[in-house]
Amino acid sequence: MTFKLLLIFHLLGSAVWVGGHLILFITILPKALRLRDPEIVSAFESRYEKIGVPALIIQVVTGIWLAHFYLNSIFDAFSFRDSLHTLIALKIILLLATLVIAVHARVRLISKLTTNNLTFLAWHISTITVLGLLLLILGAGIRSGGF
Ligand code: HEM
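Residues numbered from 1 in each chain as written. Predicted model: local features only at pLDDT ≥ 70, side-chain atom pairs only at ≥ 80, totals over all residues. Heavy atoms only, no water.

**Student:** Provide a residue-level description of the site of the ligand, including the pertinent values.
**Tutor:** The immediate surroundings of the ligand are formed by 24 residues, with His 10, Gln 59, Tyr 70, Lys 91 and Arg 143 found nearest. Measuring from an oxygen atom of the ligand, one finds a side-chain N or O atom of Tyr 70 at 2.3 Å. For the ligand, an oxygen atom lies 2.8 Å from a polar atom in the side chain of Arg 143. Elements that contribute at least two residues to the shell around the ligand include exactly α1 (2-34), α2 (38-67), α3 (83-109) and α4 (118-143). Per element, the largest residue contribution to the shell around the ligand is 7 residues, and it comes from α1. The residue inventory of the shell around the ligand, partitioned by class, reads 17 nonpolar, 5 polar and 2 charged. (Near = heavy atom within 4 Å. Polar contact = N/O pair within 3.5 Å; in protein donor to acceptor, adjacent residues only side chain to side chain. Helix = DSSP H or I, 4+ residues; strand = E, 2+ residues; numbered from the N terminus. Nonpolar A, V, L, I, M, F, W, Y, C, P; charged D, E, K, R; others polar.)

Next comes the structure, spelled out in structure tokens:
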């Protein structure tokens, strides 16, 4: 039961995190860049973060918990000894990259967003969206027994 519940929450968190960033990347960001209007991004972010941040926390907790159904310890993943270990290790690396970029965007850019740093924020959003898609693909790889 625990595994199924974890998987359901992991899929839910993934839908919110990847889905939310795809909406931001495809429908919100292009308009903000075209009109050079950072307010368009701030308005979305101020609403989305209320569900986005909890979704990321759910991914970390359920992801590490799910990994323990496959590995004795999460650190074993860094042996890269087979595709399962490698996939889980890559997910942890991509998650750490996501956390660093997301915190930098929140602390250094979103809190003081202007037309001058809008393009720099756009690079952050693009990178986090690609990382989210890769985390989803790697997850499906674990589910389907590796690539
Ligand atoms: C934003 C972050 C993340 C996203 C979007 C994400 C997305 C996904 C998706 C879509 C799946 C496939 C589920 C399925 O096919 O049933 C999955 C599976 C999995 N993920 Fe993540 N994940 C994230 C973070 C993590 C982290 C940090 C870990 C920790 C190592 C992790 C570990 C796993 C494991 C072990 C599975 C396999 C579960 C199974 O048996 O299906 N994930 N992930």
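That shown, we press on.
**Student:** So what about the coordination of the iron atom of the ligand? Which residues, and what values?
**Tutor:** Surrounding the iron atom of the ligand are the protein donor atoms His 10 (NE2) and Lys 91 (NZ), at 1.9 to 2.0 Å. The coordination sphere of the iron atom of the ligand comprises 6 donor atoms, whose angles at the metal cover 81 to 178 degrees; the geometry is octahedral. Highlighted residues: His 10 in helix α1 and Lys 91 in helix α3, separated in sequence by 81 residues. Judged by relative accessible area, His 10 falls into the buried class, the value being 15%. (Donors = N, O, S within 2.8 Å, 3.2 Å for Na, K, Ca; no water. Tetrahedral: all angles 85-135°; square planar, octahedral: opposite > 155°, others 65-115°. Buried < 20%, exposed > 50% of the residue type's maximum accessible area, 1.4 Å probe, protein only.)

**Student:** How would you sum up a nonpolar patch on the surface? Please name residues and give values.
**Tutor:** A cluster of nonpolar residues, Met 1, Leu 5, Ile 8, Phe 9, Leu 12 and Ile 58, forms a patch on the protein surface that exposes about 610 Å² of accessible area. Broken down by element, the residue count for the nonpolar patch peaks at 4 residues, all from α1. The residue Leu 5 is located in helix α1 in this model. The class for Leu 5 is partly exposed, based on a relative accessible area of 41%. (Patch = residues over 30% accessible without salt bridge, like charges linked within 9 Å, V, L, I, M, F, W, Y side chains within 5 Å. Areas by Shrake-Rupley, 256 points an atom, 1.4 Å probe, with all protein chains shown as cover. Salt bridge = Lys/Arg side-chain N within 4 Å of Asp/Glu carboxyl O.)

**Student:** Give a description of the nonpolar core that names residues and reports values.
**Tutor:** In this structure, Trp 17, Leu 24, Val 41, Ile 88, Leu 121 and Ile 125 are the most contacted members of the largest nonpolar core, which totals 37 residues. Where this core is concerned, the elements lending two or more residues are α1, α2, α3 and α4. Apart from the residues within four sequence positions on either side, Ile 125 is in contact with Leu 24, Leu 29, Val 41 and Glu 45. (Core = buried A, V, L, I, M, F, W, Y, C linked by side-chain atoms within 4.5 Å. Contact = heavy atoms within 4.5 Å.)

**Student:** For the packing of α1 against α2, give the residues involved together with the corresponding values.
**Tutor:** Direction vectors running N to C along α1 and α2 enclose 150 degrees, while the axes themselves pass 8 Å from each other. With respect to α2, the element α1 is oriented roughly antiparallel. Crossing of α1 against α2: the hand is left-handed. (Axes fitted to C-alpha atoms, helices over the stretch in contact; angles between N-to-C directions. Parallel < 35°, antiparallel > 145°, perpendicular 65-115°, else oblique. Left-handed = near helix turned anticlockwise from the far one by under 90°.)

**Student:** Report on α4, specifying residues and quantitative values.
**Tutor:** Taking 1.5 Å per residue as the helical rise, α4 with its 26 residues ought to reach 38 Å, and the 37 Å between its terminal C-alpha atoms agrees with that figure. Trailing α4 by a residue or two, Gly 145 shows a phi angle of about 80 degrees, which is positive. (Expected span 1.5 Å × (residues − 1).)

**Student:** Report on the pattern of salt bridges, specifying residues and quantitative values.
**Tutor:** Tallied over the entire structure, the rule returns 1 salt bridge. Arg 106 serves as the salt-bridge partner of Glu 49, at 2.9 Å between the closest nitrogen and oxygen. With Glu 49 in helix α2 and Arg 106 in helix α3, the pair connects residues that are 57 residues apart, well separated along the chain. By relative accessible area, Arg 106 is classed as partly exposed at 32%.

None of this, on its own, says anything about what the molecule does.
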